[in-house]
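Analysis of the macromolecular model
Residues per chain are reported as follows:
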Amino acid sequence: PGSAREEADGRVLVGGVGLETVAARYGTPVYVLDEAEVRARCRAYRGAFPGACVHYAAKAFLCRAFARWVEEEGLGLDVCSAGELELAVAAGFPAGRILFHGNAKSPEDLRAALRHGVGRVVIDDPVEIARLAATVDPGRRQGVMLRVTPDVAAGAHPKIRTGGEGQKFGLSLRDGHARHAIARILDQPRLRLTGLHCHLGSQITDVAPYLVAVRRLVGLMSRVRDAHGVLLPELDIGGGHGIAYRPGDPVLDPAELGRRVRAELAAGCARAGLPVPRLVVEPGRAVSGPAGVAVYRVLAVKRGPRRTFVAVDGGMSDNPRPALYGVRYAPRLLGRPPAEVAETETVTVVGRHCEAGDVLAEDVPLPVGVRPGDLLALPAAGAYHLSMASSYNLVGRPPVVAVADGAARLLVRRETAADLRQRDVGL
Ligand code: LLP
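Remember, it's a predicted structure, so these values are computed and weren't measured experimentally.

1. Thoughts on the environment of Leu-394
Locating Leu-394 in the fold gives a position in the loop between strand S19 (375-379) and strand S20 (400-404). On the neighbour-count criterion, Leu-394 (11 C-beta atoms within 10 Å) is exposed.

Written out as structure tokens, the structure reads:
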């Protein structure tokens, strides 16, 4: 995280708190969140997209305190389940600033969205139109957007490319799929169509795909105006902004994205004779990712004939990303003075789970002499680690600790064996 400072003795402070201190107090593995960095990132987005709605994508990571930080910084929230929604509402997040997503929303999801009064529901399939309208109380109108597929596939891995044809999200701009759905939404007196939505993919490091999507969506807005005489006031370009997992990785700069998307939108709308809609953006990873660091303890160092394995006390249960997407991380050893860590060797950092694929970082340099009891930090761990964590091998999920101004505070406690046993109710 931005506030990380290294002391002369090799200790690393985040938010003014030593990671070794956090590990000693809360145990390992532990996820540490730099509150100031989260807030700074929220502010950077508001600065990059003036006048726009910035909705933090809760799927990247959510707990009540996090929802509070985001709310205080003036962002909205994007949720995609009743579970995420209820947690946000429990933190006092105003439901009017929440947008509800999902390609397969359950009746419970829709009921929760309407009961809490979310600002927008993003419709992903025609079947939802009548279903949602039937759930809306008489006399009310629910704001909705329509998710479309701009046929722009971007993102770091095929599994997280969502804007192209041939994947499950949204309605195609081809063959009238999106236009038919729009006509049906406009026919529903209990729904109010506020705009179009798309999400291209995740961990995107280039502005160009967003510009193509804006052009295509403005094209559809202009066809909606021609066919129905309706001017759509909002345009949601989703999230997907790439961050650095290792030093030197390319990132997507929100300020540049904001500048170029606004210019493209203004030019497109001028050409089409449309008023410029209010932009909506949904960054998840870029808000929480760089603000988090995972801290593990080394349990074993095995020198095999081909490789040296450094085994830690977490793994694919708290971070499935290397196994799922082949993501590369840059772990670092904590608590050794710089002189002791000058010489490095290539090792593979593995987890504790019963699979050969339980690898956190393959062939990475770590100081010679790494030994059991040492602490390893994995940076850029604030997004899509804990939110995708499992309790594989009945290993409980790690706690979350916030650090700020020299103080540490537990936000989410560790999942214990008793927690896991409690759900087992039959014999
Ligand atoms: N909006 C929608 C509709 C989304 O589906 C997503 C992410 C976002 C916004 C936020 O995207 P972000 O800014 O965080 O890239 N588990 C994968 C990432 C999956 C992203 C799913 N949708 C990973 O670990 O890389």
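Still to come is the rest of the account.
2. Focus: the site of the ligand
The immediate surroundings of the ligand are formed by 22 residues, with Ala-57, Ser-202, Gly-239, Gly-284 and Tyr-384 found nearest. Broken down by class, the residue content of the shell around the ligand amounts to eight nonpolar, nine polar and five charged. Shared between two domains, the shell around the ligand holds at least three residues of each, these being domain 1 (5-32 + 289-422) and domain 2 (35-287).

3. Some remarks on the domain arrangement of the protein chain
Here the domain parsing of the protein chain yields domain 1 (5-32 + 289-422) and domain 2 (35-287). Between domain 1 and domain 2, the C-alpha centre-to-centre distance is 33 Å. If you look at the interface, domain 1 gives 23 residues, while domain 2 gives 23 residues. Elements with a contribution of two residues or more to the side of domain 1 that touches domain 2: helix H11 (321-325), S20 and strand S21 (407-412). Sort the elements by how many residues they give to the side of domain 1 that touches domain 2 and S20 lands first, with four residues. Split by residue class, the side of domain 1 that touches domain 2 holds 17 nonpolar, five polar and one charged.

4. Some thoughts on the UniProt feature "domain: Orn/DAP/Arg decarboxylase 2 N-terminal" (unreviewed entry) in the protein chain
Under the present numbering, the feature "domain: Orn/DAP/Arg decarboxylase 2 N-terminal" (unreviewed entry) in UniProt falls on residues 36-288. From the first C-alpha to the last, residues 36-288 spans 11 Å; its make-up is 41% helix and 16% strand.

5. Thoughts on the environment of Met-221
With respect to the secondary-structure elements, Met-221 resides in helix H8 (residues 208-228). Between the C-alpha atom of Met-221 and that of Cys-63, which follows or precedes it by 158 residues, the distance is 36 Å. Discounting chain neighbours no more than four positions away, the residues touching Met-221 are Leu-196, Leu-232 and Leu-274.

6. A word on the packing of helix H5 (residues 107-116) against helix H6 (residues 127-135)
Packing of H5 against H6 leaves a shortest axis separation of 10 Å and a crossing angle of 45°. On the basis of the axis angle, H5 is oblique to H6. H5 and H6 meet at a crossing whose hand is right-handed. Where H5 abuts H6, its residues Leu-110, Arg-111 and Leu-114 lie against Arg-131, Leu-132 and Thr-135. Residues of the contact of H5 with H6, tallied by class, amount to three nonpolar, one polar and two charged.

Analysis parameters
Residues numbered from 1 in each chain as written. Predicted model: local features only at pLDDT ≥ 70, side-chain atom pairs only at ≥ 80, totals over all residues. Helix = DSSP H or I, 4+ residues; strand = E, 2+ residues; numbered from the N terminus. Buried ≥ 20, exposed ≤ 12 C-beta atoms within 10 Å, placed from the backbone. Near = placed C-beta within 6 Å. Nonpolar A, V, L, I, M, F, W, Y, C, P; charged D, E, K, R; others polar. Domains from an automatic or database assignment. Contact = placed C-beta atoms within 7 Å. UniProt positions renumbered as here; feature names shortened; annotations may be inferred. Axes fitted to C-alpha atoms, helices over the stretch in contact; angles between N-to-C directions. Parallel < 35°, antiparallel > 145°, perpendicular 65-115°, else oblique. Left-handed = near helix turned anticlockwise from the far one by under 90°.

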